[in-house]
Amino acid sequence: MTVHIPGALRSYTKQKSEVAAEGQTLTEVVSALNCRYPGLRFRIITEQDTIRPHIRIFVNEEQVRDLSVALQPDDQIQIICALSGG
Amino acid sequence: MPGARKATSPQLATGSVSLLIGTRKGAFILGADRTRRTWKLSAPMFLGHIVHHLMLDPRDRRTMLMAASTGHLGPTIFCSTDLGKTWKEAKTPPAFPKTPEAQNGRVVDHVFWLTPGHPIEPGLWYAGTSPQGLFRSNDGGVTWKPFSYINDDPQYREWMGTVQDGTPDGPKLHSILIDPRDPRHLYFAMSGGGVHESVDGGRTFAPMINGLETVEGFDAANVTFHDPHCVRLCPTNPDRLYQQNHCGIYRMDRAEGRWIRIGKNMPKKVGDIGFPMVLHPRDADTAWVFPMDGSTVWPRVSPGGKPAAYVTRNGGKAWTRQDKGFPRANAWWTVKRQAMTADVHEPVGLYLGTTSGEVWASRTGGTNWTCLARHLPEIYSVEAAEL
């Protein structure tokens, strides 16, 4: 499946805006990404396995809050930095 | 309490000073020549990152650690082994343990404080976080683990309170101090949650709040209600501590075992509220503070819009105003707890960064101040490094 990477995380993906990843769940996909791009996971997922407050994850344009959600091989995943800050 | 041996005086420095500056929008290095008269500002590092602390390892003078986060992304630590030319991210940044039920587990919001370990422990670093957590790295900041038992101890968790009880920018563990005579003798402070000491390398800690005052109406015997802003240990007399607290300025001589409110000797119109506390590297009787307006809703600006440092040269018996060079009026900024520091030159150089993004310096122990840089982002920390 394809994961769309926000600008704030592209220092991890060598500036790639889209990367391919595999996994049965969002947890597995994020772990796979972290293996390839060390450090990425902790910037978006807390040590309590929750999505950080200003991060949103969409699967096929639907927001997902539960990392255990099941995924299909052709799913499109978007990691979004929510509008916030100043 | 270790106390039989005298500490070694920090060597008088003659080299060049660099200021390591952490800001709300990245880090900067402001480097001086040997005279400390000519300064050059670096390009921003990690522009856009919130940098709470940037520290040089004085043991090798090459390693730097940076506590960083962004508005969106989680907290991390960046490490450099070439004086900031290149950086690598920590493999495992400070994080609380995963709890069985995620809702009850704590989450590190940001790393707030970095302290290099004792000189005989190369590669060892301590970190304090918000919410209050104490962490340690044994490999130069690459991997971090919770240190000691306090992060999960029920009594300490009660003293820490909740995020709701903390300061507006989150409750913090800070002022991690190491006795230069003994690496097992440690202190840390919490805003809020008091000052704590270990004499056994962190196996146990005990509160040290005797003599500290609290906000009116709160029980001074309750550790929860104590809010130390910045605690410093005298390099030449480690049995003497100074503290800028939410409720005044204090000194403790360990033999007395009690904090003395030396801020009562400050001018009444200025008061003794503020954040930073800076000590002379070679004279345990000399210390500086930078008072702010802590009245009514806590404006956190210089009292009356007239910034000034205050120095004591007799352990807090008397204070002298040092405002020469600062704006005479309408300067509505102040200095955060990590944003004022001293070098180890003679005369001592003092440096501070303001909430309005200015860096000020005095090459003469505070008698004259000069602005070194303007228009930086809000400054969170300034450390003087001998490179």
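Read on for a plain summary of the structure.

Rules used in this analysis
- Residues numbered from 1 in each chain as written.
- Chains lettered and ligands numbered in written order.
- Predicted model: local features only at pLDDT ≥ 70, side-chain atom pairs only at ≥ 80, totals over all residues.
- Heavy atoms only, no water.
- Pairing = 2+ DSSP bridges.
- Helix = DSSP H or I, 4+ residues; strand = E, 2+ residues; numbered from the N terminus.
- Contact = heavy atoms within 4.5 Å.
- Buried area = accessible area lost by both parts, 1.4 Å probe.
- Salt bridge = Lys/Arg side-chain N within 4 Å of Asp/Glu carboxyl O.
- Polar contact = N/O pair within 3.5 Å; in protein donor to acceptor, adjacent residues only side chain to side chain.
- Nonpolar A, V, L, I, M, F, W, Y, C, P; charged D, E, K, R; others polar.
- Buried < 20%, exposed > 50% of the residue type's maximum accessible area, 1.4 Å probe, protein only.

Section: the sheet that holds strand β6 (residues 76–80) of chain B
Next, step 1: Read from one edge of the open sheet, 4 strands run β4-β5-β6-β7 (chain B), paired in antiparallel fashion. With partners counted over all chains shown, the strands left at the sheet margins are β4 (50–56) and β7 (88–89) of chain B, one partner each.

Describing the sheet that holds strand β15 (residues 206–207) of chain B
In a beta sheet, neighbouring strands are held together by backbone hydrogen bonds and run either parallel or antiparallel to one another.
Residue and element names in this part refer to chain B.
Next, step 1: On the basis of which strands lie adjacent, the open sheet formed by 4 strands has the order β12-β13-β14-β15 and antiparallel pairing. If you trace the sheet from one side to the other, it starts and ends with β12 (172–179) and β15, each paired once.
Next, step 2: Here strand β14 (residues 194–198) pairs with β15 via 2 bridges, running antiparallel. Residue pairing in the sheet places E197 in a bridge with A206 of β15.

Observations regarding the interface of chain B and chain A
Next, step 1: Tallying the contact residues gives 25 residues for chain B and 19 residues for chain A.
Next, step 2: Interface area for chain B against chain A, summed over the two sides, is near 1,600 Å², with a carbon-plus-sulfur share of 53%.
Next, step 3: Connecting chain B to chain A are 0 salt bridges.
Next, step 4: Here chain B and chain A share 8 residue pairs in polar contact (both at pLDDT 80 or more) between them.
Next, step 5: When grouped by side-chain class, the residues that make up the side of chain B that touches chain A number 11 nonpolar, 9 polar and 5 charged.

Focus: the pairing of strand β2 (residues 26–32) of chain B
Residues and elements named next belong to chain B.
Next, step 1: β2 sits mainly inside the fold: 7 of its 7 residues count as buried.
Next, step 2: Burial along β2 is two-sided: G26, F28, L30 and A32 facing one way and A27, I29 and G31 facing the other are all buried.
Next, step 3: Inspection of the sheet shows strand β1 (residues 17–23) paired to β2 by 6 bridges, in the antiparallel sense. Following the sheet pairing, S18 is matched in β2 by G31.
Next, step 4: Hairpin remark: β1 followed by β2, antiparallel, with 2 residues in the connecting loop.
Next, step 5: Note that β2 and strand β3 (residues 39–41) share 3 bridges and pair antiparallel. Within the sheet, the bridge partner assigned to G31 lies in β3 and is K40.
Next, step 6: Between β2 and the antiparallel strand that follows it, β3, lie 6 residues; R36 among them carries a positive phi value of about 65°.

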